Amino acid sequence: MAVNLLEQMLNRYPLVNVEQHDQALREVMQEVALAGLNRAGFFEQAAFYGGTCLRIFHGLPRFSEDLDFSLLQPDAEFSLQPYFKAVIAEFKALGLDVEITTKQKTTDSQIESAFLKNNTQVFSLNISSARKVKIKFEVDTLPPLGFATEEKLLLQPFSFYVKCFSLPDLFAGKLHALLFRQWKNRVKGRDWFDFEWYIRHNVSPNLAHFARRAYESGAIRQEVVSETELQVRLHQRIMAVDFDSAKQDVVKFIPDAKVLNIWSTDYFLQLANRLAALNAGGA
């Protein structure tokens, strides 16, 4: 029964090669982990956000690796660990053994100061199946607030709701990552792929939440960001990006690499202009 359910969940995906199988298996495991967190009441305290949320609940056409959560209210003493018993039990019901360990972060990480923050709890979930799968959990215990949530339905491994950031707030978080996250010698093309998706779907970001997120991470000095300032920052960032490197980062997470052929500095400048029109109510 458990094996049949796992196979049923995997049958949703076109599994042409090993890499696609691993990506599909990771996504199925992400859904199982969400189910375990739901059973334990986790979403009474926290909301799901990030690329995986966009992938699972809004059909983003790329795979994503991590599970990112934000508490609904700051709580420096919050721990994700009490919820892991339910997550482990959910996998066991499918005949899978899992191990959850705390991931130690380096103190000099630029990502911490710009995006993850020092008060983010990070855990790794190792799943023993036919192939080894690893999923990273992150929960922001002192999050920037000012975001809205909505209940989104998952039907497998059973029917349940997950509390998620609304699309405007998801976009605000993505813009923060795009503009302020530092990746040393590489470009995170997945951020630009998601940016393109938001523009294509006419999503207008919550600028107030973006500003609060940027202010609390130390990226800006004021608590308000105008649409004009956002455009200036976007144009500056786009001019500095090596989009050939961006393509190399994202290509393994998408089924069709040809969609990246149009990527260029000019293309993303035009997308930024579309965003300006959207924010102004002209799209």
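Calculation rules
Residues numbered from 1 in each chain as written. Predicted model: local features only at pLDDT ≥ 70, side-chain atom pairs only at ≥ 80, totals over all residues. Heavy atoms only, no water. pLDDT = per-residue confidence, 0-100. Contact = heavy atoms within 4.5 Å. Buried < 20%, exposed > 50% of the residue type's maximum accessible area, 1.4 Å probe, protein only. Helix = DSSP H or I, 4+ residues; strand = E, 2+ residues; numbered from the N terminus. Pairing = 2+ DSSP bridges. Phe/Tyr/Trp six-rings, centres within 6.5 Å; stacked < 30°, edge-to-face > 60°. Core = buried A, V, L, I, M, F, W, Y, C linked by side-chain atoms within 4.5 Å. Salt bridge = Lys/Arg side-chain N within 4 Å of Asp/Glu carboxyl O.

Brief notes about the confidence of the model for the protein
Low pLDDT marks regions whose predicted coordinates should not be analysed in detail. Across the protein, pLDDT averages 86, with 86% of residues at or above 70. Here residues 107-118 scores under 50 on pLDDT; set against residues more than four positions off or in separate chains, the count is 28 contacts.

Here we look at the pairing of strand S7 (residues 160-165)
Counting buried positions over the six residues of S7 gives five, a clear majority of the element. Of the strand pairs in this sheet, strand S6 (residues 149-154) and S7 are connected by six bridges, and their pairing is antiparallel. By the bridge assignment for S7, Leu 154 is matched with Phe 160.

What about the packing of aromatic side chains?
Where two aromatic rings form a pair, the distance of their centres and the angle of their planes describe that pair. The full count for this structure, using the stated rule, is 25 aromatic pairs. Plain terms: the ring middles of Phe 42 and Phe 43 are 5.2 Å apart, the flat faces sit at 70° to each other, and that makes the pair edge-to-face. Comparing Phe 42 with Phe 43 shows no difference in burial state: the two are buried. Judged by centre distance (5.4 Å) and plane angle (85°), the ring pair of Trp 197 and Tyr 198 falls under edge-to-face.

Describing the environment of Phe 147
Here Phe 147 shows up in the loop between strand S5 (132-140) and S6. Classification of Phe 147 by relative accessible area gives buried; the value is 15%. Counting along the chain gives 26 residues from Phe 147 to Gly 173, while the straight-line C-alpha distance between them is 9.9 Å. Here Phe 147 is in contact with Ser 70, Leu 71, Leu 72, Phe 165, Asp 169 and His 209, once residues within four sequence places are set aside.

Considerations on the nonpolar core
Judged by nonpolar contacts, the single largest core of 89 residues is most densely connected at Phe 48, Phe 69, Trp 192, Phe 195 and Trp 263. When residues in this core are grouped by element, the largest group, nine residues, is from helix H2 (residues 18-39).

As for the pattern of salt bridges
A complete count under the given rule lists 16 salt bridges for this structure. Arg 62 is paired through a salt bridge with Asp 194; the nearest N and O atoms lie 2.7 Å apart. Residue Arg 62 is located in the loop between helix H3 (51-58) and strand S2 (67-71), and its partner Asp 194 is located in helix H7 (residues 189-200); the two are separated by 132 residues in the primary sequence. With relative accessibility at 4%, the residue Arg 62 sits in the buried group. Its relative accessible area of 0% is what places Asp 194 among the buried residues. Glu 229 is paired through a salt bridge with Arg 233; the nearest N and O atoms lie 3.1 Å apart. You can see Glu 229 and its partner Arg 233 sitting in helix H9 (residues 227-240), four residues apart, about one turn around the helix. Take Glu 229: its relative accessible area is 22%, and that puts it in the partly exposed class. Judged by its relative accessible area of 26%, Arg 233 falls in the partly exposed class. Here the salt bridges share partners, and the residues they tie into one network are Arg 62, Lys 174, Arg 181, Asp 191 and Asp 194.

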